[in-house]
Amino acid sequence: MALLRRKPQNTRPTLGLKLRMLLLVLLPLSCSATHAYADNIEFEYRVKSAFLYNFTKFIEWPVPEMTRSDFVMCVAGNSKFHAKLIETVGNQQNNNQPIRFSFLQHPGEARNCQLVFLGFADHERLSDWVDSMSELAVLTVSDEQDFINVGGMVQFIIVDGKIRFDINQSAAKSLRIKISSKLLGLARNVN
């Protein structure tokens, strides 16, 4: 009786199997990195929101507070930041006035705001919004590069992993927005 000899099988993993194994290793790492990135962005938005709220304590707007019924913080161009601002600042007040939040679609809507955070990554669009608000007594803030150079008032900057800010005092002064010396002293650069 002849024994059937089996042909030795190749025990080396095929290319398809190697790719699947690699995906099994990388997928959790990828998800973890994405999750860490989302956590970092949320944390960054929370810190920036706290900065915005604290800015309001050190700034005087030309419109007398008695003529306003509330203080309005607005965001344009970044709905996630808007949601985090509401979550972080929530039911706080500014000089005994309730803080209200608004997400803007058009620059003309900024007339009712005291502060507008511009979250546009598109430099041209950011510049258009700043130009459109150039005669409104509205504090403009952004974290986009060169925001100060296009006429913005406060620009967030990350330096050595920490959130700092630059202030364009001349732009604020031109609209009679007074920034306290305490806040100016905390800025990285003031021009």
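Here the structure is shown first, and the text comes after it.
Here the structure is a predicted model, which means the values were calculated and not measured. (Residues numbered from 1 in each chain as written. Predicted model: local features only at pLDDT ≥ 70, side-chain atom pairs only at ≥ 80, totals over all residues. Heavy atoms only, no water.)

(A) Looking closely at the pattern of salt bridges. Per the stated rule, a full pass over the model turns up seven salt bridges. Two residues, Glu87 and Arg46, come together in a salt bridge whose shortest N-O distance is 2.7 Å. Remark: Arg46 occurs in helix α1 (residues 15–55) and Glu87 occurs in helix α2 (residues 79–89); sequence separation between them is 41 residues. A salt bridge links Arg188 to Asp166; the shortest N-O distance between them is 2.9 Å. Highlighted residues: Arg188 in the loop between α5 (181–186) and β10 (189–190) and Asp166 in strand β8 (residues 162–167), separated in sequence by 22 residues. On the accessibility criterion, Asp166 (9% relative accessible area) is buried. Beyond isolated ion pairs, a larger network of salt bridges with shared partners links Glu42, Arg46, Lys84 and Glu87. (Salt bridge = Lys/Arg side-chain N within 4 Å of Asp/Glu carboxyl O. Helix = DSSP H or I, 4+ residues; strand = E, 2+ residues; numbered from the N terminus. Buried < 20%, exposed > 50% of the residue type's maximum accessible area, 1.4 Å probe, protein only.)

(B) Focus on the sheet that holds β8. Strand order in the open sheet made by the eight strands is β3-β4-β2-β5-β6-β7-β8-β10, with mixed pairing throughout. Both outer strands of the open sheet, β3 (93–94) and β10, are each paired with one neighbouring strand and no more. Across six bridges, strand β7 (residues 154–159) lies against β8 in antiparallel orientation. Of the residues in β8, the one forming a bridge with Ile157 is Arg164. Across the sheet, α2 lies against β2 (71–76), β4 (97–104) and β5 (115–118), angled at about 170° from β4, the strand it touches most. Strand contacts of helix α3 (residues 123–132): β2, β4, β5 and β6 (139–142), with the helix running at about 165° to β5, the strand carrying the most contacts. (Pairing = 2+ DSSP bridges. Contact = heavy atoms within 4.5 Å. Axes fitted to C-alpha atoms, helices over the stretch in contact; angles between N-to-C directions.)

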